[in-house]
Amino acid sequence: MRGAGRGRVLVTGAGTGIGRACALYLAEEGFHILASGRRAEPLEKLAAEKPGQVTPVQFDVTDPESIEAVVPGLSPIDHVVNNAGIAVMGAIEAVPLDEWRRQFETNVFGVANVCRAVLPQMRQRGAGRIVNIGSVTGRLVPPFQGVYGSSKHALEGLTDALRREVAPFGIGVSLIRSGFVNTSFGDQEQEQLKKHRMDAYGEHHDTYSKWHHEQGHKVAPEPVVVAQAVERALTDANPRTRYSCPPKATRLILLRALLPARIVDGMIERTIRS
Ligand SMILES: NC(=O)c1ccc[n+]([C@@H]2O[C@H](COP(=O)([O-])OP(=O)(O)OC[C@H]3O[C@@H](n4cnc5c(N)ncnc54)[C@H](OP(=O)(O)O)[C@@H]3O)[C@@H](O)[C@H]2O)c1
C-alpha cells in the first residue's frame, strides 16, 4: 500500500465488475472508498475484504431522493468515480423507447444526479476529481450497440461541459474510455441482444452477437486495467481529459479519429465477420 490517507472516493456501482475492481485497487493504494450500489450484500462483502477502508452505502443513481438521503452524510467526499451503468442492446429500430429511457436514466442522468449531489461540497473545498467511466463505444459505435453507445456518447459531452464549468473551482474531470474488460456486463449484453432480436436483421444481428460473445468480454483483460486508469485520473498532477484502456481500445480510438467514417464502417463489418 502506498501513502495511506489519500482521500475519500465515492465509487458508484462498486459491488461488481469495474466498480469493485476500482474499490479494491484504490483501497490498496491508500484511498478510503465510499462504495455505493443498490444492493447491500455485494457492498458488505467488499467492505469485509478491506476492513476499515471501505464504507458501504446504498443508493440508486436514478433516484435523486435516495442520493440526497445518503450523500450529504458522507462528507467529506474528495473524489467521485461515476461507474454505475447498464447496457441496452439491439437495433435502433428494435429497442422500445422505455428501454432507451432506462439506458439514459442510468448512464447519463444517473451521472448528473450524483454530480449535483457532490458538487456543492467539492466547490466549497475548492478541490476534487470526478472520473466518469465511459466506453470506446462512446466514440466508435458498432451496429446493435446504438442505445448504449449513444448514452456513452452523451457522457462524453456531459464530461466536457462539466470539466469546463468546474475548473475554476479547482475540480478536475476526466473520462475513461474503456474497451472490453472481463465482467458480467457481457452476459447482460448477450441477454439484451437476444431480447431485442428482430427477424428483419437476422443474419447481421446473429453475426454481431456471435462475435460479441466469442471475441468480447470473455477474452478481454480483467477490470483492474480500468482501475489503474482511474487511479491515474485521480492522482496525475494535471489530469488528462480522457484516458483509454486497455491498449487495444487506444488503437481503436486513434483509428476512429484518423480514418473517414466509411472506412471505419468497412473495418467494423470485416471485424465482426472475421
Ligand atoms: N465491462 C466492459 O467491457 C465495459 C467496457 C466499457 C465501459 N464499461 C462501463 O463500466 C461500468 C461498469 O460496468 P461493469 O462491466 O463493471 O458491469 P457490472 O458488473 O454490471 O457493473 C455495473 C454496476 O452498476 C450498478 N448499477 C446499475 N444500475 C444502477 C443504479 N441505477 N444505481 C446504482 N448502481 C447501479 C450495478 O449494481 P446492481 O448490482 O445494483 O445492478 C453494478 O454494480 C459501466 O458504466 C459500463 O458501461 C464496461
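Thresholds applied
- Residues numbered from 1 in each chain as written.
- Predicted model: local features only at pLDDT ≥ 70, side-chain atom pairs only at ≥ 80, totals over all residues.
- Heavy atoms only, no water.
- Helix = DSSP H or I, 4+ residues; strand = E, 2+ residues; numbered from the N terminus.
- Buried < 20%, exposed > 50% of the residue type's maximum accessible area, 1.4 Å probe, protein only.
- Contact = heavy atoms within 4.5 Å.
- Lys, Arg positive; Asp, Glu negative; His and termini not counted.
- Charge placed at Lys NZ, Arg CZ, Asp CG, Glu CD.
- Phe/Tyr/Trp six-rings, centres within 6.5 Å; stacked < 30°, edge-to-face > 60°.
- Lys NZ or Arg CZ within 6 Å of the ring centre and 35° of its normal.
- Expected span 1.5 Å × (residues − 1).
- Pairing = 2+ DSSP bridges.
- Axes fitted to C-alpha atoms, helices over the stretch in contact; angles between N-to-C directions.
- Near = heavy atom within 4 Å.
- Polar contact = N/O pair within 3.5 Å; in protein donor to acceptor, adjacent residues only side chain to side chain.
- Areas by Shrake-Rupley, 256 points an atom, 1.4 Å probe, with all protein chains shown as cover.
- Nonpolar A, V, L, I, M, F, W, Y, C, P; charged D, E, K, R; others polar.

Attention shifts here to the overall build of the chain. Assigned secondary structure in the chain consists of 10 helices and 7 strands. The buried share among the 274 residues of the chain stands at 52%. Of the contacts formed within the chain by residues at least 6 apart in sequence, a portion of 71% connects residues at least 24 apart. The centroid of the 33 positive side-chain charges in the chain is displaced by 6 Å from the centroid of its 29 negative side-chain charges.

Throughout the structure, instances matching the rule amount to 5 aromatic pairs. Centre to centre, the rings of Phe 144 and Tyr 201 are 6.1 Å apart; their planes meet at 90°, and the pair counts as edge-to-face. In this pair, Phe 144 sits in the loop between strand E5 (129-135) and helix H5 (146-166) while Tyr 201 sits in the loop between helix H6 (185-195) and helix H7 (202-215), placing the two residues 57 residues apart along the sequence. Using a relative accessible area of 26% as the deciding quantity, one classes Tyr 201 as partly exposed. Both rings, one in Tyr 208 and one in Trp 211, keep their centres 5.8 Å apart while their planes meet at 40°; by these two values the pair is tilted. Taken as a pair, Tyr 208 and Trp 211 lie in helix H7 at a separation of 3 residues, close to a single helical turn. A connected cluster of aromatic rings, assembled from ring pairs, spans Phe 144, Phe 180, Tyr 201, Tyr 208 and Trp 211. A cation sits over an aromatic face here: Arg 123 above Phe 169, 5.7 Å from the ring centre.

Below, the discussion takes up unusual backbone geometry. Between Ser 75 and Pro 76 the backbone carries a cis peptide bond, its omega angle lying at 0°. Tracing the backbone through its elements, the reader meets Pro 76 in the loop between helix H3 (64-70) and strand E4 (79-82). A cis amide bond links Cys 245 with the next residue in sequence, Pro 246, at an omega value of -15°. Turning to its location among the elements, Pro 246 is positioned in the loop between strand E7 (242-245) and helix H9 (247-258). Even without being glycine, Phe 144 reaches a positive phi, approximately 70°. For Phe 144, a relative accessible area of 6% gives the class buried.

Here we come to helix H8 (residues 224-235). Note: α-helices contain 3.6 residues per turn, so residues at a spacing of three or four share the same orientation. Along its 12 residues, H8 runs 16 Å from first to last C-alpha, staying within 8% of the 16 Å computed at 1.5 Å per residue. Listed in full, the buried residues belonging to H8 are Val 226, Ala 227, Ala 229, Val 230, Glu 231, Ala 233 and Leu 234.

Let's shift gears to the sheet that holds strand E6 (residues 172-178). Here we have 7 strands laid out as an open sheet, ordered E3-E2-E1-E4-E5-E6-E7, and parallel in their pairing. Two strands lie at the open edges of the sheet, namely strand E3 (54-58) and E7, each paired on one side alone. Each strand of the sheet is rotated relative to its neighbour by a mean of 20°, with strand direction disregarded. Note: E5 against E6, 7 bridges, orientation parallel. What sits directly across from Val 131, in E6, is Ser 174. Along the sheet, helix H2 (residues 40-49) makes contact with strand E2 (32-37) and E3, crossing E3 at roughly 175°.

What follows deals with the site of the ligand. Neighbouring residues of the ligand: 29 residues in total, closest Ile 18, Arg 38, Arg 39, Tyr 148 and Thr 183. One of the backbone nitrogen or oxygen atoms of Gly 13 is found 3.4 Å away from an oxygen atom of the ligand. A distance of 3.4 Å separates an oxygen atom of the ligand from a polar atom in the backbone of Gly 85. Protein contacts shield 93% of the accessible area of the ligand, which totals 880 Å² for the unbound molecule. Elements with a contribution of two residues or more to the shell around the ligand: helix H1 (17-28), E5, H5 and H6. Examining the composition of the shell around the ligand, we find that 3 residues originate from one element, E5, more than from any other. Residues that form the shell around the ligand fall into these classes: 10 nonpolar, 15 polar and 4 charged.

This part is about the side chain of Asn 132. With respect to the helices, strands and loops of the structure, Asn 132 is situated in strand E5. Assessed through its relative accessible area of 0%, Asn 132 is described here as buried.

For the rest of this paragraph, the subject is the environment of Pro 51. By the secondary structure assignment, Pro 51 is in the loop between H2 and E3. For Pro 51, a relative accessible area of 64% puts it in the exposed group. Between the alpha carbons of Pro 51 and Ala 27 there is a distance of 10.0 Å; along the sequence they are 24 residues apart.

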